[in-house]
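# Reading the structure
The residues making up each chain are set out below.
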Amino acid sequence: MEGNKINDGVNAGFDPSPENGDLKSKPQPTKDQLASDVSVAENAPKSRPQWDSQWEFLMSCIATSVGLGNVWRFPFVCYQNGGGAFLIPYIIVLILIGKPMYYLETSLGQFSSSNCVKIWALAPAMKGTGYAQALSAIYVVTYYMSIVGLCLYYLVMSFQSTLPWAVCQPEWLNCVPSGQSVNESIVIGEPKSSAELYFTQTILRQSDGIHDGIGAPLWDLTVALLVSWIIIFVIISRGVKSSGKAAYFLALFPYFVMLILLIRAVTLPGAGMGIMFFITPEWGRILELRVWYAAVTQAFFSLSVCSGALIMFSSYNNFKQNVYRDSLIVTTLDTFTSLISGITIFGVLGNLAYQLGYDDINQVIGSGGSSLAFISYPDAIAQSPFVPQLFAVLFFLMMTVLGVGSGVALHSTANTILLDAFPKVPTVYMAAVTCSCNFLIGLVFVTPGGQYILELVDHYGGTFMRLFAAIVETIGIFWIYGLENMCLDIEFMLGLKSSFYWRMCWGLITPFMMIAVFFYSFITTERLMFGQTYEYPEYAYIFGSVLQYAGIALIPLFMIITFYKYRSRNIIETLKRSFKPKPTYGPAIPEKREEYFQFRRQAKYERNLKRKNWFHHIALSLVGGYRWKS
């Protein structure tokens, strides 16, 4: 949490950690040292492109965090974890983990004007954390865009005079058309809605498993996937200059459609049963750590924290942008959107149970993957008495927009890292190469076995690995770089002193909650089952583990590389060099850097006057005592 011996002995111009003793007895910076600071400032990274207005950043964050994770993944995870039992852990996690991590990452990116890899100039040995987050973003965006492709497919099908998922085909057994009660249909075995059969048999042509392989890419879904990546390319081809303009539509349009669907869902017969399932907690489930693990991973997925996207977006901000306000707005709006989506989809699930003659919501849908979004919503739309084609077009256009908003952010994370590493490559060329590569990878998700692979990648690449990277991130920033140092950086940038809530969350509550959930999930992990019934072949679990541990291994790998780079005969000296901030870390604007160095020197002086010992320092850091006026 700062004050450890690793960071002692940093140059006078930038010392993240006070040494024991009184600063008065130590030599003050000489003219040569100050000149060296100015030289470092002059050699600071060139100014990055910036948003044309602060609203573009806010809209981009909304488009990123309010996405398919709210409409598709949140109801699905909630469904798997007992409905209402999931809501209380989810809201607690958002308050104690989601909001602090969101504010932290937007502050980090804006303060240093750096991507998720370069911000680790604050502790070079932790650089692998940034690469692990970027790899996780790549995992997610490759399957994410296949879902956007499905949305585009449904969007095209919505223009037919009769919605194709509203009627049963002759070859579908035990099919119940949308809007028709099971008592009105000839059903011999277990009834299934026409929307479910249309999704699994007509669109996905889903296989019974992947023991015999996943099959070849389906041509129509491949075309849809290609179009989705072309859209991403067009938006990011000019960097923030083009993506910022698109963000207004990507952020605002979905809410218009979402409110219309909410009104429609709550007026359906049987909707009350589904909504009550959603909001009624099963108190026994709340004590299950697996539910808390699901809440943590959903918060990460929904808010896009620890994916590098927030750091990347905020790195294009003006240095004084009020990210504190923006973070509170986006995280609150994200929670609100998830609740709206949950009420809507569970209202539809209640209606489906009513139609199929079930008394229990759990009997409605047994398959996994993205089925809830492509069965429940379409089924509700088909029942609309007022031009269902219009509702279908609006809904799937909304879904496409939501997916594209998050896809732009996730893809831009890796794209920005490459552009910063190869600044001479034009943005349009880099975007073309990276979009093409991700499209080719995404072909695996448009095969008959694609949904099985999607859930595999989501489980191993998008959750567990991301949680591990988040834990390492908090340790690197608050326990190595220093809680007090991070709060000082924010105070210098925004003029805001970090409150007790932020300090306690950052220093103790957030990392320890994540560590507890991580170790529980690591110890009690059960084999992933598709739709809670299908067990994957052994090679699939090996493949998932490789995805997961490849990202985790990046963190110790880059630690070893850094230790070698800063090696010396003294191990302690090697550690100091590897974990102390680089002289280049700080504001990218030369004038701000000079002010920052002076601000930090004064803060260090005042801190040494108050500090008595290490434990006293920890206590003062957690309560903000160093910044209290005497």
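Residues numbered from 1 in each chain as written. Predicted model: local features only at pLDDT ≥ 70, side-chain atom pairs only at ≥ 80, totals over all residues. Heavy atoms only, no water.

This part is about the overall build of the protein. When helices and strands are tallied, the protein shows 22 helices and four strands. Burial analysis of the protein (630 residues in total) assigns 62% to the buried set. Looking at the protein alone, contacts between residues at least 24 apart form 82% of all its contacts between residues at least 6 apart. (Helix = DSSP H or I, 4+ residues; strand = E, 2+ residues; numbered from the N terminus. Buried < 20%, exposed > 50% of the residue type's maximum accessible area, 1.4 Å probe, protein only. Contact = heavy atoms within 4.5 Å.)

What follows deals with the pattern of salt bridges. Under the definition given, this model contains 11 salt bridges. Between Lys245 and Asp52 there is a salt bridge, with its nearest N and O atoms 2.4 Å apart. Of this pair, Lys245 sits in helix α8 (residues 240-266) while Asp52 sits in the loop between α1 (31-42) and α2 (54-65), placing them 193 residues apart in sequence. Overlapping salt bridges, with partners in common, bring together Asp52, Glu56 and Lys245 in one network. (Salt bridge = Lys/Arg side-chain N within 4 Å of Asp/Glu carboxyl O.)

What follows concerns empty space enclosed by the protein. The final tally for this structure, using the stated rule, is eight cavities of 30 Å³ or more. Lining the largest cavity are 13 residues, with Tyr144, Phe301, Ser304, Ser406 and Leu410 positioned closest to its centre. Counting only elements with at least two residues in the lining of the largest cavity, the list comes to α2, α3 (68-80), α5 (128-157), α11 (289-303) and α15 (388-421). Residues belonging to the lining of the largest cavity are distributed by class as follows: four nonpolar, eight polar and one charged. (1 Å grid on protein atoms, 1.4 Å probe; cavity = no way out; pocket = protein on both sides within 12 Å on 5 of 7 lines; lining within 4 Å. Points joined across faces, edges and corners; volume = space filled by probe spheres on them. Nonpolar A, V, L, I, M, F, W, Y, C, P; charged D, E, K, R; others polar.)

We now examine the packing of aromatic side chains. As enumerated under the stated definition, the model contains 46 aromatic pairs in all. Measuring from centroid to centroid gives 4.8 Å for Phe395 and Phe396, while their planes differ by 70°, and the two rings are edge-to-face. Neither residue differs from the other here; Phe395 and Phe396 are each classed as buried. Centroid distance Tyr534 to Tyr536: 5.7 Å. Interplanar angle 70°. Geometry classified as edge-to-face. (Phe/Tyr/Trp six-rings, centres within 6.5 Å; stacked < 30°, edge-to-face > 60°.)

Now for the state of the cysteines. One pass over the structure, following the stated rule, counts one disulfide. There is a disulfide in this structure between Cys168 and Cys175, and the S-S distance comes to 1.9 Å. Measuring the twist about the S-S bond at about -80°, one finds the Cys168-Cys175 disulfide to be left-handed. (Disulfide = S-S within 2.5 Å.)

Time to look at α5. With 30 residues, α5 should reach 44 Å at 1.5 Å per residue; the first-to-last C-alpha distance of 44 Å fits that figure. For α5, the buried fraction is high: 26 of the 30 residues fall into the buried class. (Expected span 1.5 Å × (residues − 1).)

Counting 188 residues, the largest nonpolar core has Trp165 and Tyr536 as the members making the most contacts within it. Sequence-distant contacts of Trp165, defined by excluding residues within four places in its chain, comprise Tyr154, Met157, Ser158, Ser178, Ser194, Ala195, Tyr198, Pro378, Asp379, Ala382, Ala392 and Phe396. (Core = buried A, V, L, I, M, F, W, Y, C linked by side-chain atoms within 4.5 Å.)

Before going further, it helps to spend a moment on the packing of helix α7 (residues 219-236) against α15. At their nearest, the axes of α7 and α15 sit 10 Å apart, and the two run at 65° to each other. For the crossing formed where α7 meets α15, the hand is right-handed. Residues Trp229, Ile231, Ile232, Ile235 and Ile236 of α7 lie in contact with α15, whose contacting residues are Val404, Gly407, Val408, His411, Ser412 and Asn415. Split into classes, the residues belonging to the contact of α7 with α15 amount to seven nonpolar, four polar and no charged. (Axes fitted to C-alpha atoms, helices over the stretch in contact; angles between N-to-C directions. Left-handed = near helix turned anticlockwise from the far one by under 90°.)

So, about the environment of Thr332. Structurally, Thr332 can be placed in helix α13 (residues 323-356). Separated by 238 residues in the primary sequence, Thr332 and Leu94 place their C-alpha atoms 9.0 Å from one another. For Thr332, the side chain forms a polar contact with the side chain of Lys99, separated by 3.1 Å. (Polar contact = N/O pair within 3.5 Å; in protein donor to acceptor, adjacent residues only side chain to side chain.)

Under the local residue numbering, the UniProt record ascribes the feature "binding site: Na(+)" (unreviewed entry) to Val66, Asn70, Ser302, Leu402 and Ser406. In sequence the annotated residues extend across 341 residues, while in space they remain close, none of their C-alpha pairs exceeding 11.6 Å. As for the lining of the largest cavity, the annotated residues named previously contribute Asn70, Ser302 and Ser406. Residue position: Val66 is located in the loop between α2 and α3. Residues within four places of Val66 in sequence aside, it is in contact with Cys61, Tyr255, Asp334, Thr337 and Leu402. Counting through the fold element by element, Ser302 comes out in helix α11. The exposure class of Ser302 is buried, given its relative accessible area of 1%. Within the structure, Ser302 has its side chain in polar contact with the side chain of Asn70 (distance 3.3 Å). (UniProt positions renumbered as here; feature names shortened; annotations may be inferred.)

Quick look at unusual backbone geometry now. Of note in the backbone geometry, Arg205 takes a positive phi value of approximately 50° without being a glycine. Structurally, Arg205 can be placed in the loop between α6 (194-203) and α7.

Here we take up the side chain of Arg593. Within the fold, Arg593 resides in helix α21 (residues 590-610). Polar side-chain contacts of Arg593 include one of 3.1 Å to the backbone oxygen of Pro587.

The subject of this paragraph is the packing of α5 against α6. Contact geometry of α5 with α6 gives a least axis separation of 13 Å together with a crossing angle of 110°. Classified by the angle their axes make, α5 and α6 are roughly perpendicular. On α6, the residues touching Leu150, Tyr153, Tyr154 and Met157 of α5 are Tyr198, Phe199 and Ile203. Considered class by class, the residues forming the contact of α5 with α6 number seven nonpolar, no polar and no charged. (Parallel < 35°, antiparallel > 145°, perpendicular 65-115°, else oblique.)

Right, let's talk about the environment of Ser161 for a bit. Looking at where Ser161 falls in the secondary structure, it is placed in the loop between α5 and β1 (175-176). By relative accessible area, which is 72% here, Ser161 ends up exposed. Counting along the chain gives 228 residues from Ser161 to Gln389, while the straight-line C-alpha distance between them is 7.6 Å.

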